[in-house]
Amino acid sequence: MSMREALDLSAYLVIGPENTKGRPVKGIIRDVVAAGFTIVQVRSKVASAKELIGYCRDAAEAIAEAGRADRVALVADDRLDVVLAAREAGIKVDGIHVGQSDIPAAVCRKYLGDDAVIGLSARTRELIDYVRTADISDIDYFGAGPLHETATKPEAGRSASGRVITRSLEEIAELARVSPVPAVIGGGVKLADIPDLKRTGIAGFFVVSTVTEADDPGRAAAALTAAWRA
Ligand SMILES: Cc1ncc(COP(=O)(O)OP(=O)(O)O)c(N)n1
Ligand SMILES: Cc1nc(C(=O)O)sc1CCOP(=O)(O)O
Ligand SMILES: [Mg+2]
């Protein structure tokens, strides 16, 4: 079975070196995968291409060392060039997550192949209409948010007037009902949000800081997965 077919979006870690309070990315991924996270995204707005390839290597090794290479997907944020270069170097990167202003999903599919996992950030304005009508032929899932305003990405959900528009649980439940592909929700997600999110029927949650900035990332991750599976 390909990773695309085996895709489990329920507990999704997004991580880069700027999120770890100086701790190695690889160690946090190792702890989080051991805690049952099901997909990892390498995302950094400060790392060079070469550094990103290194983080992809670290992530792929951490997943493989946990014996989860066939189960836990590894994707990179934004950078098709990085995914291609990492693969060229023999690193198992399963796919990419792109946003509305990034490389089109169809181009990613063309270069990454039929087995690649491709995620797309749903347009935040008119979210429900967008997911109903979007061309989903090349994508495997939608990412949407924010659930809450977040310091990790202060621009998430910010309208032209400067106000942050967050996603209500009702809207997330509707998204889960109408989206033609699975969707995940992130942005300020904390442990206390998980029961409500689970009840919406959404495919999963994504987090950065709740795990990467925790004193004990493995413990924080285990609490999240236990709450999701409860
Ligand atoms: C799972 C997931 N969902 C949404 C995003 C946001 O992607 P994007 O809109 O491209 O913004 P940046 O992450 O590039 O700042 C994501 N990365 N992952
Ligand atoms: C990468 C990303 N995208 C978002 C969106 O709403 O599109 S929020 C986000 C960062 C989420 O970080 P944290 O879990 O620390 O709040
Ligand atoms: Mg992007």
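Residues numbered from 1 in each chain as written. Chains lettered and ligands numbered in written order. Predicted model: local features only at pLDDT ≥ 70, side-chain atom pairs only at ≥ 80, totals over all residues. Heavy atoms only, no water.

Per an unreviewed UniProt entry, the recorded name for the chain is Thiamine-phosphate synthase, and the organism is Pseudoramibacter alactolyticus ATCC 23263. Quoted verbatim from the Pathway (unreviewed entry) field of the UniProt record, the comment on the chain reads "Cofactor biosynthesis; thiamine diphosphate biosynthesis; thiamine phosphate from 4-amino-2-methyl-5-diphosphomethylpyrimidine and 4-methyl-5-(2-phosphoethyl)-thiazole: step 1/1." Per UniProt, the chain has the following entry under Function (unreviewed entry): "Condenses 4-methyl-5-(beta-hydroxyethyl)thiazole monophosphate (THZ-P) and 2-methyl-4-amino-5-hydroxymethyl pyrimidine pyrophosphate (HMP-PP) to form thiamine monophosphate (TMP)." (UniProt positions renumbered as here; feature names shortened; annotations may be inferred.)

*Asks:* Lay out the nonpolar core with the relevant residues and their values.
*Replies:* Of all hydrophobic cores here, the largest spans 62 residues; its most connected members are Ile 29, Phe 37, Phe 142, Leu 175, Phe 205 and Val 211. Ranked by the residues each element gives to this core, the list is headed by helix α3 (residues 49-65), at 7 residues. Aside from chain neighbours lying at most four places away, what touches Phe 37 is Ala 11, Tyr 12, Leu 13, Val 32, Val 72, Phe 205, Val 207, Val 211, Ala 221, Leu 224 and Thr 225. (Core = buried A, V, L, I, M, F, W, Y, C linked by side-chain atoms within 4.5 Å. Buried < 20%, exposed > 50% of the residue type's maximum accessible area, 1.4 Å probe, protein only. Helix = DSSP H or I, 4+ residues; strand = E, 2+ residues; numbered from the N terminus. Contact = heavy atoms within 4.5 Å.)

*Asks:* Lay out the sheet that holds strand β3 (residues 73-77) with the relevant residues and their values.
*Replies:* The strand order around the closed barrel built from 8 strands is β1-β2-β3-β4-β5-β6-β7-β8, with neighbouring strands paired in parallel fashion. Averaged over all pairs of adjacent strands, the angle between strand axes in this sheet comes to 25°, irrespective of strand direction. Bridge count for β3 against strand β4 (residues 95-98) is 3 bridges, and the pairing is parallel. Counterpart to Ala 76 in the pairing with β4 is Ile 96. (Pairing = 2+ DSSP bridges. Axes fitted to C-alpha atoms, helices over the stretch in contact; angles between N-to-C directions.)

*Asks:* Outline unusual backbone geometry, supporting the account with residue identities and numerical values.
*Replies:* What is expected of a backbone is that most residues other than glycine have negative phi and most peptide bonds are trans. A cis geometry characterises the amide bond from Gly 145 onward to Pro 146, with omega recorded as 0°. Looking at where Pro 146 falls in the secondary structure, it is placed in the loop between β6 (141-144) and α7 (169-178). A positive phi angle, close to 55°, is found at Lys 21, a residue other than glycine. Within the secondary structure layout, Lys 21 lies in the loop between β1 (11-15) and α2 (25-34). Taking relative accessible area as the criterion, Lys 21 reaches 57% and is therefore assigned exposed. A positive phi is found at Asp 78, a non-glycine position, where the angle reads about 70°. Relative to the elements of secondary structure, Asp 78 occurs in the loop between β3 and α4 (80-88). Exposure remark for Asp 78: the relative accessible area of 18% places this residue in the buried category.

*Asks:* Describe the packing of aromatic side chains, listing the residues and the values that go with them.
*Replies:* Applying the stated criterion across every chain yields a total of 5 aromatic pairs. In textbook terms, an aromatic cluster arises when at least three aromatic residues are bridged by ring pairs, as seen for Tyr 12, Tyr 141 and Phe 206. The lysine or arginine in question, Lys 198, covers the ring of Trp 228, its NZ or CZ lying 5.5 Å from the ring centre. (Phe/Tyr/Trp six-rings, centres within 6.5 Å; stacked < 30°, edge-to-face > 60°. Lys NZ or Arg CZ within 6 Å of the ring centre and 35° of its normal.)

*Asks:* Explain the site of ligand 1 residue by residue, including any values.
*Replies:* If you check the shell around ligand 1, you find 14 residues, and the closest are Arg 43, Lys 45, Asp 102, Ser 121 and Lys 153. With respect to ligand 1, the side chain of Lys 45 contributes an N or O atom lying 2.7 Å from an oxygen atom. Residue Ser 121 places a side-chain N or O atom 2.8 Å away from an oxygen atom belonging to ligand 1. Isolated, ligand 1 exposes 420 Å² of accessible area, and the fraction of that covered by the protein chains is 86%. For the shell around ligand 1, the class distribution of residues is 3 nonpolar, 5 polar and 6 charged. (Near = heavy atom within 4 Å. Polar contact = N/O pair within 3.5 Å; in protein donor to acceptor, adjacent residues only side chain to side chain. Areas by Shrake-Rupley, 256 points an atom, 1.4 Å probe, with all protein chains shown as cover. Nonpolar A, V, L, I, M, F, W, Y, C, P; charged D, E, K, R; others polar.)

*Asks:* Kindly report on the coordination of the magnesium ion (ligand 3), identifying the contributing residues and their values.
*Replies:* Around the magnesium ion (ligand 3), the donor atoms from the protein are Asp 78 (OD) and Asp 102 (OD), and they sit 2.0 to 2.2 Å away. Placement of Asp 78 in the loop between β3 and α4 and of Asp 102 in the loop between β4 and α5 (105-112) is noted, with a sequence separation of 24 residues between them. (Donors = N, O, S within 2.8 Å, 3.2 Å for Na, K, Ca; no water.)

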